[in-house]
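Below, each chain spelled out in residue letters.
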Amino acid sequence: MFKHFTLFLFALCSLSALSQPHVVAHRGYWRADGSAQNSITSFQKAASIGCWGSEFDVWLTADGVPVVFHDANVNGIRIEDTTYATLMNIQLKNGEFIPTLQQYLQEALRWPDIRLIFEVKPHRNAKRDALASEMSVELINMLGLASRTDYISFSKNACKRLHELAPDAKIAYLSGDLAPQEVKEMGLTGIDYSIGTFDKHPEWPLEAKNLGLEVNVWTVDGEEALGRFAKMPGIDIITTNDPEILFNVIKK
Ligand code: MG
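Criteria and thresholds
- Residues numbered from 1 in each chain as written.
- Predicted model: local features only at pLDDT ≥ 70, side-chain atom pairs only at ≥ 80, totals over all residues.
- Heavy atoms only, no water.
- pLDDT = per-residue confidence, 0-100.
- Contact = heavy atoms within 4.5 Å.
- Salt bridge = Lys/Arg side-chain N within 4 Å of Asp/Glu carboxyl O.
- Helix = DSSP H or I, 4+ residues; strand = E, 2+ residues; numbered from the N terminus.
- Buried < 20%, exposed > 50% of the residue type's maximum accessible area, 1.4 Å probe, protein only.
- Donors = N, O, S within 2.8 Å, 3.2 Å for Na, K, Ca; no water.
- 1 Å grid on protein atoms, 1.4 Å probe; cavity = no way out; pocket = protein on both sides within 12 Å on 5 of 7 lines; lining within 4 Å.
- Points joined across faces, edges and corners; volume = space filled by probe spheres on them.
- Nonpolar A, V, L, I, M, F, W, Y, C, P; charged D, E, K, R; others polar.
- Domains from an automatic or database assignment.
- Polar contact = N/O pair within 3.5 Å; in protein donor to acceptor, adjacent residues only side chain to side chain.

Some points on the confidence of the model for the protein
- Of all residues in the protein, 93% attain a pLDDT of 70 or more, and the chain-wide mean is 94.
- Note on residues 13-17: pLDDT is under 50 here. Beyond four places in sequence and across chains, it has 0 contacts.

In structure tokens form, the structure reads like this:
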């Protein structure tokens, strides 16, 4: 009897542990001291506090160099229209230079316990989306990082191309205009939708779970919202600018 009760307690504890969402730092942990969005420091900070994953954004320059940066433009220059040589001396808010994807991933090799949540930004046209996807997957494979890289994109073209190139990789769609069933039919493995999308479609997390899709929500900040999504059935992953607050919310 006692043994069964212990087993029951054990099962209950495992279940509650299983239901806790994974913590993904949005653009790295950039709110930490000395950090900046998408900087190499932001990746180090996310890894050093034990985030499950760290998200970052990738654009291709005009001459085909993948760089890690969020906005389409930097200092009024459109990344897609300029060469890497023009960008390489631009500093981020913490004094680092804009990292190339290769520099960023080389840092990732030093932190083997954190997943890479790799966003391919939506480029000017389908051809550029495909090229960005191809260069991304090639570099990830070359550095032996495939088993801990999950791809995400707002671009349907990029998602489709990524799926062709890396059929075993987890790939989630970001735009929120497709129901879980449609994402499943594209061969993708997850939905990674905004708070607003899930507010509009509260049925989608569980619908997605029933289809075997992974469910990620962005960008959830502050204790109240983090608490709401941490408890929401069907949410596997929370992408946040406040990873330390989320850890505290989960611990409670
Ligand atoms: Mg992003």
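Following the structure, the description resumes.
Observations concerning the pattern of salt bridges
- One pass over the structure, following the stated rule, counts 18 salt bridges.
- Among the salt bridges present, the one from R31 reaches D242, with a minimum N-O distance of 2.7 Å. Taken together, the residues span a long stretch of sequence, with R31 in the loop between strand 1 (22-25) and helix 2 (40-48) and D242 in the loop between strand 11 (237-240) and helix 11 (243-251) at a distance of 211 residues.
- Residue R31 is classed as partly exposed on the basis of its relative accessible area, which comes to 43%.
- Notably, a salt bridge pairs R161 with E164, separated by 2.6 Å at the nearest N-O pair. With R161 and E164 both in helix 6 (residues 156-165), this residue pair falls 3 residues apart, about one helical turn.
- In the salt-bridge network here, residues are joined through shared partners; they are R78, E80, D81, R124 and R128.

Describing the coordination of the magnesium ion
- Each protein donor to the magnesium ion is listed here as E55 (OE), D57 (OD) and E119 (OE); together their distances run 2.0 to 2.1 Å.
- Of note, the magnesium ion draws all its donor residues from one chain, in the sequence arrangement E-x1-D-x61-E. Of this pair, E55 sits in strand 2 (residues 53-60) while E119 is found in strand 6 (residues 115-120), placing the two residues 64 residues apart along the sequence.
- Among the residues examined, E55 registers a relative accessible area of 4% and is labelled buried.

Considerations on empty space enclosed by the protein
- Tallied over the full model, the rule gives 1 cavity of 30 Å³ or more.
- Of the volumes computed, that of the largest cavity is approximately 110 Å³.
- Looking at the largest cavity, it is lined by 15 residues, and the ones nearest its centre are I152, A172, E214, N216 and I237.
- Those elements that place two or more of their residues in the lining of the largest cavity are strand 7 (149-153), strand 8 (170-173), strand 9 (190-194) and strand 10 (214-218).
- Split by residue class, the lining of the largest cavity holds 8 nonpolar, 3 polar and 4 charged.
- Here the lining of the largest cavity gathers at least three residues from each of two domains, domain 1 (33-175) and domain 2 (176-252).

Remarks on the domain arrangement of the protein
- Partitioning the protein into domains gives domain 1 (33-175) and domain 2 (176-252).
- For domain 1 versus domain 2, the separation of C-alpha centres amounts to 21 Å.
- Facing 17 residues of domain 1, the contacting portion of domain 2 comprises 18 residues.
- Counting the contacts that link domain 1 with domain 2 gives 2 salt bridges.
- The shortest N-O distance in the salt bridge between D177 and K156 comes to 3.1 Å.
- Between the two partners, domain 1 and domain 2, sit 10 residue pairs in polar contact (both at pLDDT 80 or more).
- For the side of domain 1 that touches domain 2, the elements supplying multiple residues, two or more each, are helix 6 and strand 8.
- Residue classes in the side of domain 1 that touches domain 2 are distributed as 11 nonpolar, 3 polar and 3 charged.

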